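Report on the structure
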Amino acid sequence: MKQKIFRVLFLLLLVCSMLAGCKKSVGTPEDNAVIEEDPEEEEEDTGYVFGYSCIDMENPYYDTLRRSLENTLGENEYQLISKNPGSDAQVQNEQLQEFIEMEVDAVFLCPVDWELVTPSLEALQTAGIPVINIDTQVKEESLTKAYVGSDNRNAGFVCGEDLKKRCPDGGKILLLESPSMNSINERITGFEQAIANAGFEVLDRADVNGEKEKAKETMKEFLNKYPEIDAVMCGNDRAAQGTLEAVRESARDGIRIYGVDGSPEVKQEIAKADSPMTATGAQSPIRIGKEAAEIGMAILDGENFETTTYEDTFLIDKGNVEMYGTDGWQ
(Lines give C-alpha, C1' and ligand atoms only; values in the text may rest on other atoms or scores of the structure.)
Protein backbone atom coordinates (compact mmCIF):
# COMPACT_ATOMS: atom_id res chain seq x y z
CA MET A 1 0.00 0.00 0.00
CA LYS A 2 2.77 2.40 0.94
CA GLN A 3 4.65 1.51 -2.25
CA LYS A 4 1.57 2.33 -4.33
CA ILE A 5 1.19 5.73 -2.65
CA PHE A 6 4.86 6.50 -3.26
CA ARG A 7 4.51 5.55 -6.94
CA VAL A 8 1.50 7.88 -7.31
CA LEU A 9 3.33 10.77 -5.62
CA PHE A 10 6.38 10.19 -7.81
CA LEU A 11 4.27 10.29 -10.98
CA LEU A 12 2.57 13.53 -9.85
CA LEU A 13 5.93 15.18 -9.19
CA LEU A 14 7.22 14.07 -12.57
CA VAL A 15 4.21 15.52 -14.39
CA CYS A 16 4.52 18.83 -12.52
CA SER A 17 8.20 19.14 -13.37
CA MET A 18 7.45 18.48 -17.05
CA LEU A 19 4.72 21.12 -17.08
CA ALA A 20 7.01 23.63 -15.38
CA GLY A 21 9.61 23.12 -18.11
CA CYS A 22 7.13 23.97 -20.86
CA LYS A 23 6.54 27.58 -22.03
CA LYS A 24 2.91 28.53 -21.87
CA SER A 25 1.67 31.02 -24.51
CA VAL A 26 -0.80 33.59 -23.31
CA GLY A 27 -2.70 36.02 -25.51
CA THR A 28 -2.73 36.49 -29.28
CA PRO A 29 0.02 35.38 -31.71
CA GLU A 30 0.94 39.05 -32.04
CA ASP A 31 1.51 39.25 -28.28
CA ASN A 32 3.88 36.29 -28.41
CA ALA A 33 5.71 37.23 -31.60
CA VAL A 34 9.48 37.70 -31.39
CA ILE A 35 10.33 41.34 -32.14
CA GLU A 36 13.31 41.70 -34.45
CA GLU A 37 15.20 45.01 -34.30
CA ASP A 38 15.54 46.99 -37.52
CA PRO A 39 19.16 46.71 -38.67
CA GLU A 40 19.03 50.40 -39.74
CA GLU A 41 18.07 51.40 -36.18
CA GLU A 42 21.05 49.52 -34.83
CA GLU A 43 23.48 51.44 -37.05
CA GLU A 44 25.41 54.17 -35.35
CA ASP A 45 24.37 57.71 -36.23
CA THR A 46 26.84 59.01 -38.82
CA GLY A 47 25.51 62.57 -39.02
CA TYR A 48 28.42 65.00 -38.77
CA VAL A 49 28.48 67.83 -36.22
CA PHE A 50 30.44 70.95 -37.14
CA GLY A 51 31.50 73.87 -34.97
CA TYR A 52 31.54 77.49 -36.18
CA SER A 53 33.47 80.30 -34.52
CA CYS A 54 33.74 83.69 -36.23
CA ILE A 55 34.97 87.11 -35.12
CA ASP A 56 31.69 88.67 -34.01
CA MET A 57 28.16 87.54 -34.82
CA GLU A 58 26.94 91.10 -34.30
CA ASN A 59 28.47 91.77 -37.71
CA PRO A 60 25.76 90.79 -40.24
CA TYR A 61 28.46 89.43 -42.55
CA TYR A 62 29.32 86.63 -40.12
CA ASP A 63 25.69 85.88 -39.41
CA THR A 64 25.05 85.56 -43.16
CA LEU A 65 28.08 83.29 -43.40
CA ARG A 66 26.65 81.16 -40.57
CA ARG A 67 23.29 80.81 -42.32
CA SER A 68 25.00 79.82 -45.56
CA LEU A 69 26.93 77.09 -43.73
CA GLU A 70 23.76 75.90 -41.99
CA ASN A 71 21.78 75.75 -45.23
CA THR A 72 24.40 73.70 -47.08
CA LEU A 73 25.06 71.33 -44.17
CA GLY A 74 21.34 71.04 -43.45
CA GLU A 75 20.73 69.72 -46.96
CA ASN A 76 22.79 66.71 -45.85
CA GLU A 77 21.15 66.58 -42.40
CA TYR A 78 24.37 67.61 -40.67
CA GLN A 79 24.44 69.91 -37.65
CA LEU A 80 26.22 73.24 -37.09
CA ILE A 81 26.93 74.54 -33.57
CA SER A 82 27.78 78.25 -33.56
CA LYS A 83 29.58 80.25 -30.90
CA ASN A 84 30.06 84.02 -30.80
CA PRO A 85 33.33 85.24 -29.22
CA GLY A 86 32.29 88.88 -29.60
CA SER A 87 35.70 89.99 -30.95
CA ASP A 88 37.46 88.59 -27.87
CA ALA A 89 40.41 86.33 -28.74
CA GLN A 90 40.49 84.74 -25.28
CA VAL A 91 36.79 83.93 -25.39
CA GLN A 92 37.27 82.37 -28.81
CA ASN A 93 40.05 80.13 -27.49
CA GLU A 94 37.79 79.01 -24.65
CA GLN A 95 34.98 78.25 -27.08
CA LEU A 96 37.29 76.24 -29.32
CA GLN A 97 38.25 74.17 -26.28
CA GLU A 98 34.53 73.56 -25.73
CA PHE A 99 34.29 72.22 -29.27
CA ILE A 100 37.09 69.78 -28.44
CA GLU A 101 35.26 68.62 -25.32
CA MET A 102 32.05 68.21 -27.37
CA GLU A 103 34.00 66.05 -29.84
CA VAL A 104 32.69 67.84 -32.91
CA ASP A 105 33.77 66.36 -36.23
CA ALA A 106 35.25 69.55 -37.70
CA VAL A 107 35.43 73.31 -37.06
CA PHE A 108 34.87 76.31 -39.33
CA LEU A 109 37.05 79.12 -37.96
CA CYS A 110 37.41 82.82 -38.63
CA PRO A 111 39.99 83.97 -36.04
CA VAL A 112 39.55 87.05 -33.89
CA ASP A 113 43.34 87.29 -33.78
CA TRP A 114 45.22 85.41 -36.48
CA GLU A 115 48.18 84.71 -34.16
CA LEU A 116 46.65 84.30 -30.67
CA VAL A 117 44.47 81.47 -31.95
CA THR A 118 47.53 79.24 -32.55
CA PRO A 119 47.37 77.27 -29.24
CA SER A 120 43.76 76.34 -29.99
CA LEU A 121 44.69 75.21 -33.48
CA GLU A 122 47.37 72.98 -31.97
CA ALA A 123 44.86 71.53 -29.49
CA LEU A 124 42.35 70.86 -32.26
CA GLN A 125 45.00 69.10 -34.32
CA THR A 126 45.99 66.94 -31.33
CA ALA A 127 42.32 66.03 -30.85
CA GLY A 128 42.08 65.00 -34.51
CA ILE A 129 39.53 67.69 -35.35
CA PRO A 130 40.13 69.27 -38.79
CA VAL A 131 39.84 73.05 -39.13
CA ILE A 132 38.44 74.79 -42.20
CA ASN A 133 39.76 78.36 -42.00
CA ILE A 134 37.31 80.86 -43.49
CA ASP A 135 37.35 84.58 -44.38
CA THR A 136 40.40 85.62 -42.31
CA GLN A 137 43.52 83.48 -42.50
CA VAL A 138 45.33 82.20 -39.43
CA LYS A 139 49.07 82.74 -39.14
CA GLU A 140 49.96 79.05 -38.84
CA GLU A 141 48.23 77.76 -41.96
CA SER A 142 49.81 74.31 -41.56
CA LEU A 143 47.46 73.71 -38.61
CA THR A 144 44.38 73.95 -40.84
CA LYS A 145 43.09 71.65 -43.55
CA ALA A 146 41.79 74.29 -45.95
CA TYR A 147 41.16 78.00 -46.40
CA VAL A 148 38.10 79.56 -48.03
CA GLY A 149 37.84 83.32 -48.32
CA SER A 150 37.70 86.35 -50.54
CA ASP A 151 40.41 87.87 -52.67
CA ASN A 152 40.91 90.52 -50.01
CA ARG A 153 43.87 92.24 -51.63
CA ASN A 154 41.78 92.84 -54.74
CA ALA A 155 38.86 94.13 -52.62
CA GLY A 156 41.10 96.92 -51.37
CA PHE A 157 42.81 97.39 -54.72
CA VAL A 158 39.56 98.12 -56.60
CA CYS A 159 38.72 100.78 -53.99
CA GLY A 160 42.10 102.42 -54.55
CA GLU A 161 41.67 102.32 -58.31
CA ASP A 162 38.28 103.99 -57.96
CA LEU A 163 39.71 106.73 -55.73
CA LYS A 164 42.43 107.48 -58.29
CA LYS A 165 39.77 108.06 -60.94
CA ARG A 166 37.82 110.39 -58.67
CA CYS A 167 40.90 112.24 -57.43
CA PRO A 168 43.36 112.23 -60.37
CA ASP A 169 45.56 114.78 -58.61
CA GLY A 170 45.81 112.80 -55.39
CA GLY A 171 44.68 113.92 -51.95
CA LYS A 172 44.82 113.44 -48.19
CA ILE A 173 43.52 110.14 -46.82
CA LEU A 174 42.96 108.16 -43.62
CA LEU A 175 43.23 104.41 -43.09
CA LEU A 176 41.05 102.61 -40.53
CA GLU A 177 42.56 99.15 -40.24
CA SER A 178 42.94 96.14 -37.93
CA PRO A 179 46.45 94.60 -37.74
CA SER A 180 45.23 91.48 -35.91
CA MET A 181 42.98 90.49 -38.85
CA ASN A 182 44.87 89.28 -41.87
CA SER A 183 41.89 89.82 -44.17
CA ILE A 184 41.82 93.52 -43.34
CA ASN A 185 45.61 93.74 -43.60
CA GLU A 186 45.37 92.46 -47.17
CA ARG A 187 42.60 94.91 -48.05
CA ILE A 188 44.57 97.89 -46.77
CA THR A 189 47.70 96.63 -48.54
CA GLY A 190 45.79 96.28 -51.81
CA PHE A 191 44.40 99.78 -51.43
CA GLU A 192 47.84 101.27 -50.77
CA GLN A 193 49.30 99.43 -53.75
CA ALA A 194 46.62 100.90 -56.00
CA ILE A 195 47.24 104.51 -54.95
CA ALA A 196 51.04 104.28 -54.77
CA ASN A 197 52.83 107.13 -56.58
CA ALA A 198 49.52 108.80 -57.40
CA GLY A 199 49.90 111.91 -55.21
CA PHE A 200 48.10 110.66 -52.11
CA GLU A 201 49.24 111.45 -48.57
CA VAL A 202 48.28 109.19 -45.67
CA LEU A 203 47.45 111.66 -42.89
CA ASP A 204 46.92 108.98 -40.24
CA ARG A 205 45.92 105.39 -39.62
CA ALA A 206 44.30 103.64 -36.66
CA ASP A 207 43.35 100.19 -35.43
CA VAL A 208 39.55 100.16 -35.04
CA ASN A 209 39.29 96.35 -34.89
CA GLY A 210 36.66 96.35 -37.61
CA GLU A 211 34.12 97.76 -35.12
CA LYS A 212 31.51 100.38 -35.95
CA GLU A 213 31.58 102.33 -32.67
CA LYS A 214 35.36 102.32 -32.42
CA ALA A 215 35.60 103.59 -35.98
CA LYS A 216 33.10 106.34 -35.21
CA GLU A 217 35.00 107.58 -32.16
CA THR A 218 38.33 107.43 -33.99
CA MET A 219 36.93 109.32 -36.96
CA LYS A 220 35.60 112.05 -34.67
CA GLU A 221 39.13 112.56 -33.36
CA PHE A 222 40.56 112.68 -36.87
CA LEU A 223 37.92 115.18 -37.99
CA ASN A 224 38.96 117.51 -35.17
CA LYS A 225 42.64 116.96 -35.91
CA TYR A 226 42.72 117.31 -39.70
CA PRO A 227 40.97 120.20 -41.44
CA GLU A 228 41.42 118.63 -44.87
CA ILE A 229 40.42 115.01 -45.56
CA ASP A 230 39.64 113.77 -49.05
CA ALA A 231 38.96 110.08 -48.41
CA VAL A 232 38.84 107.36 -45.77
CA MET A 233 39.61 103.72 -46.53
CA CYS A 234 37.98 101.38 -44.01
CA GLY A 235 38.94 97.73 -43.53
CA ASN A 236 35.31 96.59 -43.57
CA ASP A 237 31.79 97.93 -43.96
CA ARG A 238 31.17 98.09 -40.22
CA ALA A 239 34.03 100.54 -39.84
CA ALA A 240 32.74 102.44 -42.88
CA GLN A 241 29.31 102.79 -41.23
CA GLY A 242 30.86 104.23 -38.07
CA THR A 243 32.95 106.60 -40.17
CA LEU A 244 29.85 107.73 -42.04
CA GLU A 245 28.02 108.56 -38.80
CA ALA A 246 30.94 110.66 -37.57
CA VAL A 247 31.20 112.55 -40.87
CA ARG A 248 27.47 113.25 -40.94
CA GLU A 249 27.47 114.52 -37.36
CA SER A 250 30.39 116.84 -38.16
CA ALA A 251 28.63 118.25 -41.24
CA ARG A 252 31.92 118.06 -43.16
CA ASP A 253 31.60 117.84 -46.94
CA GLY A 254 33.80 116.39 -49.64
CA ILE A 255 34.96 113.25 -47.77
CA ARG A 256 34.75 109.99 -49.71
CA ILE A 257 34.26 106.82 -47.66
CA TYR A 258 35.24 103.33 -48.81
CA GLY A 259 34.50 100.00 -47.16
CA VAL A 260 34.84 96.29 -47.90
CA ASP A 261 32.06 93.68 -47.69
CA GLY A 262 29.15 94.76 -49.86
CA SER A 263 26.69 94.69 -46.96
CA PRO A 264 23.05 95.66 -47.58
CA GLU A 265 23.34 98.65 -45.23
CA VAL A 266 26.33 100.12 -47.05
CA LYS A 267 24.81 99.44 -50.47
CA GLN A 268 21.72 101.36 -49.36
CA GLU A 269 23.97 104.31 -48.49
CA ILE A 270 25.88 104.09 -51.77
CA ALA A 271 22.55 104.24 -53.60
CA LYS A 272 21.86 107.70 -52.10
CA ALA A 273 23.07 110.46 -54.40
CA ASP A 274 24.19 112.73 -51.55
CA SER A 275 25.84 110.10 -49.34
CA PRO A 276 29.59 110.28 -48.60
CA MET A 277 29.62 106.47 -48.86
CA THR A 278 31.36 106.14 -52.21
CA ALA A 279 32.00 102.44 -52.82
CA THR A 280 32.70 99.06 -51.28
CA GLY A 281 34.93 96.18 -52.31
CA ALA A 282 32.22 93.54 -52.42
CA GLN A 283 32.48 89.90 -51.42
CA SER A 284 29.92 87.13 -50.93
CA PRO A 285 29.54 85.41 -47.54
CA ILE A 286 26.87 83.23 -49.15
CA ARG A 287 29.31 81.74 -51.67
CA ILE A 288 32.08 81.45 -49.06
CA GLY A 289 29.79 79.57 -46.65
CA LYS A 290 28.56 77.17 -49.32
CA GLU A 291 32.08 76.41 -50.56
CA ALA A 292 33.44 75.97 -47.02
CA ALA A 293 30.62 73.58 -46.09
CA GLU A 294 31.22 71.44 -49.17
CA ILE A 295 34.94 71.29 -48.43
CA GLY A 296 34.26 70.39 -44.78
CA MET A 297 32.07 67.48 -45.81
CA ALA A 298 34.63 66.33 -48.39
CA ILE A 299 37.35 66.30 -45.73
CA LEU A 300 35.29 64.11 -43.39
CA ASP A 301 34.22 61.81 -46.23
CA GLY A 302 37.83 61.31 -47.31
CA GLU A 303 37.23 62.91 -50.70
CA ASN A 304 39.43 65.29 -52.68
CA PHE A 305 39.14 69.01 -51.87
CA GLU A 306 40.77 72.36 -52.66
CA THR A 307 43.15 73.44 -49.91
CA THR A 308 42.91 77.13 -50.87
CA THR A 309 39.89 78.87 -52.40
CA TYR A 310 39.60 82.60 -53.15
CA GLU A 311 36.19 83.93 -54.11
CA ASP A 312 36.10 86.89 -56.49
CA THR A 313 35.77 90.45 -55.19
CA PHE A 314 34.61 93.49 -57.14
CA LEU A 315 33.64 97.14 -56.73
CA ILE A 316 30.10 98.28 -56.03
CA ASP A 317 29.56 102.02 -56.46
CA LYS A 318 26.73 104.38 -57.31
CA GLY A 319 26.90 103.35 -60.96
CA ASN A 320 26.12 99.65 -60.45
CA VAL A 321 24.66 99.29 -56.95
CA GLU A 322 21.10 98.78 -58.20
CA MET A 323 22.24 95.83 -60.28
CA TYR A 324 23.39 94.01 -57.13
CA GLY A 325 20.39 95.01 -55.04
CA THR A 326 20.35 96.77 -51.68
CA ASP A 327 18.16 94.42 -49.64
CA GLY A 328 20.52 91.49 -49.29
CA TRP A 329 23.99 90.08 -49.87
CA GLN A 330 25.27 89.28 -53.32
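The present account deals with the structure reproduced in this document. (Residues numbered from 1 in each chain as written. Predicted model: local features only at pLDDT ≥ 70, side-chain atom pairs only at ≥ 80, totals over all residues. Heavy atoms only, no water.)

A few words on helix 7 (residues 152–166). Here helix 7 spans 22 Å end to end across 15 residues, near enough to the 21 Å set by a 1.5 Å rise per residue. Listed as buried for helix 7 are N152, N154, A155, G156, V158, C159, G160, D162 and L163. (Helix = DSSP H or I, 4+ residues; strand = E, 2+ residues; numbered from the N terminus. Expected span 1.5 Å × (residues − 1). Buried < 20%, exposed > 50% of the residue type's maximum accessible area, 1.4 Å probe, protein only.)

Turning our attention to the packing of aromatic side chains. Think of a pair of aromatic rings as described by two things: how far the centres are apart, and how the planes are tilted against each other in angle. Within the structure shown, the criterion is met by nine aromatic pairs. Ring geometry for F50 versus Y78: centroids 6.5 Å apart, planes at 45°, classification tilted. In this pair, F50 sits in strand 1 (residues 49–53) while Y78 sits in the loop between helix 4 (60–74) and strand 2 (79–83), placing the two residues 28 residues apart along the sequence. Look at Y78 and you get partly exposed, because its relative accessible area is 21%. Taking the centre distance of 5.1 Å and the plane angle of 85° together, the rings of Y61 and Y62 count as edge-to-face. Aromatic ring contacts, followed pair by pair, group Y48, F50, Y78 and F108 into a single cluster. (Phe/Tyr/Trp six-rings, centres within 6.5 Å; stacked < 30°, edge-to-face > 60°.)

As for its position among the elements, G171 is in strand 6 (residues 171–177). Note on G171: relative accessible area 11%, which makes it buried. Taking C-alpha positions, G171 is 7.8 Å from I229, a pair spaced 58 residues apart along the chain. Not counting residues within four places of it along the chain, the set of residues in contact with G171 comprises G199, F200, E201 and D230. (Contact = heavy atoms within 4.5 Å.)

By the element assignment, Q241 lies in helix 10 (residues 237–250). Contacts of Q241, omitting those with residues within four sequence positions, involve K212, E265, V266 and M277.

The next subject is the nonpolar core. In terms of nonpolar packing, the biggest core is built from 47 residues, with Y52, F108 and I134 touching the most fellow members. A per-element tally of this core places helix 12 (residues 285–300) first, with six residues. If we skip the residues at most four places from it in the chain, Y52 touches M57, Y62, L65, R66, L69, L80, I81, S82, K83, F99, F108 and I134. Counting residues in each nonpolar core, the second largest holds 26 residues, with L176, M219, Y226 and L244 among its members. (Core = buried A, V, L, I, M, F, W, Y, C linked by side-chain atoms within 4.5 Å.)

Inspection of the secondary structure assignment puts T64 in helix 4. Excluding residues that lie within four positions of it along the chain, T64 makes contacts with P285, I286 and W329.

With that settled, consider the sheet that holds strand 2. Pairing is parallel in the open sheet, where six strands are placed in the order 2-1-3-4-5-11. With one partner strand each, in any of the chains shown, strand 2 and strand 11 (308–311) form the two edges of the open sheet. Adjacent strand axes in the sheet meet at a mean angle of 15°, parallel and antiparallel pairs treated alike. Strand direction decides the pairing type here: strand 5 (residues 146–150) and strand 11, joined by four bridges, are parallel. In the strand pairing of strand 11, Y147 is matched with T308. (Pairing = 2+ DSSP bridges. Axes fitted to C-alpha atoms, helices over the stretch in contact; angles between N-to-C directions.)

Another point: the sheet that holds strand 8 (residues 231–234). Taking strand neighbours across the sheet as the criterion, the six strands line up as 7-6-8-9-10-12 in an open arrangement whose pairing is mixed. Both edges of this open sheet fall to strand 7 (200–207) and strand 12 (314–317), since each of them pairs with a single strand only. The mean inter-strand angle of the sheet, taken between neighbouring strand axes irrespective of direction, is 20°. As defined by bridge partners, strand 6 adjoins strand 8 across four bridges and the pair is classed as parallel. From the neighbouring strand, L176 faces strand 8, where its bridge partner is C234. Sitting on the sheet, helix 8 (residues 182–195) touches strand 6, strand 7, strand 8 and strand 9 (256–261), and the angle it makes with strand 6 is about 165°. In the packing of helix 10 onto the sheet, contacts are made with strand 6, strand 8, strand 9 and strand 10 (277–282), and the angle to strand 9 comes to roughly 155°.

That is the geometry; function is a separate question.
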